[in-house]
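Okay, here's what each chain looks like letter by letter:
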Amino acid sequence: MSFLLKQKTMDITQHVIGKLNENGDFQLFYDNECVGQFVRESNTFKLKHGYEQQNGRILKSVTATGNPNMKYVDCDTEDGWC
């Protein structure tokens, strides 16, 4: 058995905070980090690498294990300890 890492997206929309900047655009923050902005003039999102917008939702790409319930057990087969 092995742990597999794979990319998946996580919906962070409810955790994103918008703050109005000096240009009149909204800067978008997630976990106190600026992740992009919403530009009112073009009505578009400009997001940092690893973030995307789909159907009005903000998504973050994360690396996760393929089988999170898998446990690692190291057994000593010579002495019978596990």
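Anything mentioned here points back to the structure above.
Keep in mind it's a predicted model, so treat the numbers as computed, not measured.

## Structural notes on the overall build of the protein chain
The secondary structure content of the protein chain amounts to zero helices and seven strands. Within the protein chain, the proportion of its 82 residues that are buried is 22%. Nonlocal contacts in the protein chain, meaning residues at least 24 apart in sequence, comprise 38% of its contacts between residues at least 6 apart.

## Comments concerning the sheet that holds strand β1 (residues 5-11)
Taken in spatial order, the three strands of this open sheet run β1-β7-β6, and their pairing is antiparallel. On the outer flanks of this sheet lie β1 and β6 (51-54), each paired with one strand and no other. Averaged over all pairs of adjacent strands, the angle between their axes in this sheet comes to 40°, without regard to strand direction.

## Re the packing of aromatic side chains
As enumerated under the stated definition, the model contains one aromatic pair in all. Sitting over the ring of Phe29, Lys19 keeps its end group 4.8 Å from the ring centre.

## Observations concerning unusual backbone geometry
One can expect most non-glycine residues to show negative phi and most peptide bonds to be in trans. Located in the positive-phi region is Asp31, a residue other than glycine, with phi close to 55°. Of note, Asp31 is situated in the loop between β3 (26-30) and β4 (33-39). By relative accessible area, Asp31 is classed as exposed at 67%. Of note, Asn43 is a non-glycine position whose phi angle comes to about 55°, a positive value.

## Quick word on the side chain of Asp25
Looking at the secondary structure, you find Asp25 in the loop between β2 (16-20) and β3. Here Asp25 occupies a buried position and makes no salt bridge, while the nearest side chain of opposite charge, Arg40, is found at 4.9 Å. Within the local environment of Asp25, its side chain forms a polar contact with the backbone nitrogen of Arg40, the two atoms lying 3.5 Å apart.

## Concerning the nonpolar core
By size, the foremost hydrophobic cluster in this structure holds seven residues: Ile12, Val16, Leu28, Tyr30, Val35, Tyr51 and Ile58. In contact with Leu28, not counting residues within four places along its chain, are Val16, Ile17, Gly18, Glu33, Cys34, Val35, Gly36, Gln37, Phe38, Phe45, Leu47 and Ile58.

The rules behind the values
Residues numbered from 1 in each chain as written. Predicted model: local features only at pLDDT ≥ 70, side-chain atom pairs only at ≥ 80, totals over all residues. Heavy atoms only, no water. Helix = DSSP H or I, 4+ residues; strand = E, 2+ residues; numbered from the N terminus. Buried < 20%, exposed > 50% of the residue type's maximum accessible area, 1.4 Å probe, protein only. Contact = heavy atoms within 4.5 Å. Pairing = 2+ DSSP bridges. Axes fitted to C-alpha atoms, helices over the stretch in contact; angles between N-to-C directions. Phe/Tyr/Trp six-rings, centres within 6.5 Å; stacked < 30°, edge-to-face > 60°. Lys NZ or Arg CZ within 6 Å of the ring centre and 35° of its normal. Lys, Arg positive; Asp, Glu negative; His and termini not counted. Salt bridge = Lys/Arg side-chain N within 4 Å of Asp/Glu carboxyl O. Polar contact = N/O pair within 3.5 Å; in protein donor to acceptor, adjacent residues only side chain to side chain. Core = buried A, V, L, I, M, F, W, Y, C linked by side-chain atoms within 4.5 Å.

Taken by themselves, the reported measurements are silent on function.
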